[in-house]
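Chains, contacts and geometry: an overview
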Protein chains: 2
Amino acid sequence: MNTPSVQVIARQSRLAARQLSSTSESVRNLALAKMADSLESVRRQILEINAQEVAKARQDGLSAAMVKRLTIDDKVFQYMLTRLRKVARRPDPLNRVLEGHTNPNGLQVYKKSVPLGVIGIIYESRPNVTTDAAGVCIKSGNAVILRGGSEALQTNTMLTDAMIEGAVEAGLPEHAIQMIRVPGHEAVGELLKMDDYVDVLIPRGGKGLIRRIAEETRIPVIKHYDGICHLYIAADAVPAQAVELAVNSKCQSVQVCNALETLLVDQRCAEQMLPLLQKAFDANDIELRGCGKAQQLLPDIVPASEEDWHTEYLAPILSIKVVGGIEEAIDHINTYGSGHTDGIVTQSLSNAQQFEQQIDSASVLINASTRLSGGGDYGLGSVVGISTDKLHARGPVGPDELTTYKWVAYGNGHLRG
Amino acid sequence: MNTPSVQVIARQSRLAARQLSSTSESVRNLALAKMADSLESVRRQILEINAQEVAKARQDGLSAAMVKRLTIDDKVFQYMLTRLRKVARRPDPLNRVLEGHTNPNGLQVYKKSVPLGVIGIIYESRPNVTTDAAGVCIKSGNAVILRGGSEALQTNTMLTDAMIEGAVEAGLPEHAIQMIRVPGHEAVGELLKMDDYVDVLIPRGGKGLIRRIAEETRIPVIKHYDGICHLYIAADAVPAQAVELAVNSKCQSVQVCNALETLLVDQRCAEQMLPLLQKAFDANDIELRGCGKAQQLLPDIVPASEEDWHTEYLAPILSIKVVGGIEEAIDHINTYGSGHTDGIVTQSLSNAQQFEQQIDSASVLINASTRLSGGGDYGLGSVVGISTDKLHARGPVGPDELTTYKWVAYGNGHLRG
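Residues numbered from 1 in each chain as written. Chains lettered and ligands numbered in written order. Predicted model: local features only at pLDDT ≥ 70, side-chain atom pairs only at ≥ 80, totals over all residues. Heavy atoms only, no water.

As annotated in an unreviewed UniProt entry, chain A carries the name Gamma-glutamyl phosphate reductase and comes from Methylomarinum roseum. Listed in UniProt under the heading Sequence similarities (unreviewed entry), the comment for chain A reads: "Belongs to the gamma-glutamyl phosphate reductase family." Turning to chain A, the UniProt record has this under Function (unreviewed entry): "Catalyzes the NADPH-dependent reduction of L-glutamate 5-phosphate into L-glutamate 5-semialdehyde and phosphate. The product spontaneously undergoes cyclization to form 1-pyrroline-5-carboxylate." (UniProt positions renumbered as here; feature names shortened; annotations may be inferred.)

See the structure below:
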């Protein structure tokens, strides 16, 4: 295959997007099914080429975490297929009538959901983003331009080619799914200039990458920044449940954006809770850093600095603060949190309602692990990321979030008076 | 009154926004009613101070158009009050449950609408933006920071003070409505840096102003760029209706964003339509500029250049192009249009549906004047602008468009497995 320039790709995407906007739900769902089938038919080749890239990554000294993210084993591959097939079964995000009415003068007005157009996805090593992003974009009638990390170039190429084959077989335009295959940073720079053709960029990766992209382009960017997630244990929390929720929120996976980073414990239950929590976290090898009051109750923990309250550790470290009550907890979260995911453990309805109302975050969890915030548990099927923006998409970004709307008015010679 | 710094204003707004997010619908609606009452009680003083600023503007040699925009007469004043009272009667945009379900494991998940937070409005001379913007922001539970043009400083100060009095009387926080009273461009520069406190900026003014703001700030900007609006007269259009719609779209007001700028006429009816159109536009003193084919039929019109198809005249000039059919019309609009408002005149359902589906614009009008696109006819009540963005808000920006949402999940000790 030749490697078209980024501008050619972007222009082709714009044309494909126009065709995609008129495709029926059944064609788009058939495409998703055929994309999964087509991937399945080259499973062995994909796993082989991926194994070669994994070996090369190890040789090049990439971190164990990066190598893990790069790897497609049977389980990951199956998961990729399952998600494509699942997103096919979701309700159509397009052509929903969001509101509508007929004016007294007879003008019929309605607002309906339509695709955004062309979506650019810039991501690092995980090849599952290739299939997840393509799936969510095709479901929502958008053309997608994929740009993955160089360490996964061969894997991503094979994944993309298989998906294109399936999509075209179902009747989608040839350029509905495209991939920038030119290596090097310049290609990303080119993509950032394509504001005439690309409607939105979704970078997946470190905060630095996202910030750089947002600052270097006029294309709107859906951003996925920090998850400085909190759990507040209210005075009336059931102790055993509070410990379980805190441990699951922190330990189920420490490197993810909805993992717990700061635990807030009400002073009225701190004396009882903190020793129980320390025992549980010690058993999970979590380093605890505490405020002055927490240290008084747990003398052997590390003191937490101001810096700790601002930190997304993504590591087996947890900061603990004793707070005077729910107001102080809410104030701390709204001040230091990143608006990603925050939870409360309480038996009180009024606590739950106040917390739900006043916490300014994408996800607010009541008596549930912070790890449950996300597309899966929210019923979105596949997602392309978790937005920490407040405009357009907030929280998990699935097919619905990749739509916009248009206003349509039917008249019969209606004029403005 | 003292003049707090922009940073103090921004910080106060953030705190007010937190309180506002918990206010009930009835308190917000009462505030809107009291804001209108309070304005009414100082009607005479407002008209007086405005008359002084209008006189000064004339003296300073401001254009007639700017002076007109600056002027509040009895009718404009009444309109401002009416809009505040109307927006009070609209359904509550907050706490709507947008979707929800209970997972098989019993986790209850829902998504509800919440305010964006702090909205900054940067605008030029029209003082009615002061009341419209405050009304839409308060309705949607947002704190607002107003920054109008220096030529209307006294008028805006008096309007804002009256509204604050009414809002506070109804029980809203003191800083729910604020105005930057410091003169000079530096204050706007300061506001652009307040990304820790301000959630969105809405500039109202020329394209240059909007572009500059969007490029100089990290705060998300809802942009209101060009309206290069089209009307396509299909081969089967009823001639008299087509002429009426074209004239109303162009002439009802030439200086507004949804006024017609380019008329597309199907070649199969061009011979019949163009002389009728010319006669009607001549009667309205509109200069016509045509493509080659249009000139063949109307030899005395000005030739249109490539530049014309890209131009938002906002003036009594109209470009006319003869097109081969609906595909060419759609292609022209999607290529040269600005995605604001585009219409078709046709008797054919399949034409109407194809046009509706394939035109990539915020507003698509079938057999209705382009001048009907907007908050009023779409039933939004008051608006703060018309967005030409595709993300978040597209088209008229009313109370609903100034909300975001949060995901809320209620569990009973739910963990991630």
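Once that is clear, we can look at helix H2 (residues 25-41) of chain B. With 17 residues, H2 of chain B ought to run about 24 Å at 1.5 Å a step, and its terminal C-alpha atoms sit 24 Å apart, in line with that. Looking at H2 of chain B, one finds that the buried residues are Arg28, Asn29, Ala31, Leu32, Met35, Ala36, Ser38 and Leu39 of chain B. (Helix = DSSP H or I, 4+ residues; strand = E, 2+ residues; numbered from the N terminus. Expected span 1.5 Å × (residues − 1). Buried < 20%, exposed > 50% of the residue type's maximum accessible area, 1.4 Å probe, protein only.)

With that out of the way, let us pick up the interface of chain A and chain B. Listed per partner, the contact involves 75 residues of chain A and 75 residues of chain B. Roughly 6,200 Å² of surface becomes buried between chain A and chain B when both sides are summed, with 44% attributable to carbon and sulfur atoms. For chain A, the biggest contributors to the area lost against chain B are Leu391, Trp407 and Arg416 of chain A; these three give 13% of the whole. Inspection of the region where chain A meets chain B yields 10 salt bridges. In this structure, Lys390 of chain B engages Asp199 of chain A in a salt bridge whose closest nitrogen and oxygen atoms are separated by 3.4 Å. At the junction of chain A with chain B, the criterion picks out 58 residue pairs in polar contact (both at pLDDT 80 or more). Examining the composition of the side of chain A that touches chain B, we find that 11 residues originate from one element, strand S16 (residues 403-414) of chain A, more than from any other. Class assignment for the residues of the side of chain A that touches chain B results in 28 nonpolar, 26 polar and 21 charged. Across 5 bridges, strand S13 (residues 363-368) of chain A lies against strand S16 (residues 403-414) of chain B in parallel orientation. Opposite Ile366 of chain A, over in S16 of chain B, you have Tyr410 of chain B as the bridge partner. (Contact = heavy atoms within 4.5 Å. Buried area = accessible area lost by both parts, 1.4 Å probe. Salt bridge = Lys/Arg side-chain N within 4 Å of Asp/Glu carboxyl O. Polar contact = N/O pair within 3.5 Å; in protein donor to acceptor, adjacent residues only side chain to side chain. Nonpolar A, V, L, I, M, F, W, Y, C, P; charged D, E, K, R; others polar. Pairing = 2+ DSSP bridges.)

It is worth spelling out the UniProt feature "domain: Aldehyde dehydrogenase" (unreviewed entry) in chain A at this point. Feature annotation in UniProt places "domain: Aldehyde dehydrogenase" (unreviewed entry) on residues 6-282 and 302-371 of chain A, given in this structure's numbering. For residues 6-282 of chain A, the helix share is 53%, the strand share is 16%, and the end-to-end C-alpha distance is 51 Å.

Let's shift gears to the nonpolar core. Among the nonpolar cores identified, the biggest contains 78 residues, and Met35, Leu39, Ile121, Ile177, Val198, Leu201 and Leu402 of chain A are the most heavily contacted of them. Here Met35 of chain A is in contact with Leu84, Ala134, Gly135, Ile138, Met163, Gly166, Ala167 and Ile177 of chain A, once residues within four sequence places are set aside. Counting residues in hydrophobic clusters, the runner-up holds 77 residues, among them Ala31, Val144, Leu159 and Val397 of chain B. (Core = buried A, V, L, I, M, F, W, Y, C linked by side-chain atoms within 4.5 Å.)

As a further point, take the packing of helix H3 (residues 43-59) of chain B against helix H5 (residues 74-89) of chain B. All names here are of chain B. Put simply, H3 and H5 touch, their axes get as near as 11 Å, and they point 125 degrees apart. On the basis of the axis angle, H3 is oblique to H5. The two elements H3 and H5 cross, and the hand of that crossing is right-handed. Residues Arg43, Ile46 and Leu47 of H3 form the contact with H5, whose own contacting residues are Asp74, Phe77, Gln78 and Leu81. Of the residues that constitute the contact of H3 with H5, the class distribution is 4 nonpolar, 1 polar and 2 charged. (Axes fitted to C-alpha atoms, helices over the stretch in contact; angles between N-to-C directions. Parallel < 35°, antiparallel > 145°, perpendicular 65-115°, else oblique. Left-handed = near helix turned anticlockwise from the far one by under 90°.)

Another point: a positive patch on the surface. Residue and element names in this part refer to chain A. A surface patch of like charges, here positive, comprises Lys68, Arg69, Lys75 and Arg126. Along the chain, the position of Lys75 falls in helix H5 (residues 74-89). Here Lys75 falls in the exposed class, since its relative accessible area comes to 70%. (Patch = residues over 30% accessible without salt bridge, like charges linked within 9 Å, V, L, I, M, F, W, Y side chains within 5 Å. Areas by Shrake-Rupley, 256 points an atom, 1.4 Å probe, with all protein chains shown as cover. Lys, Arg positive; Asp, Glu negative; His and termini not counted. Charge placed at Lys NZ, Arg CZ, Asp CG, Glu CD.)

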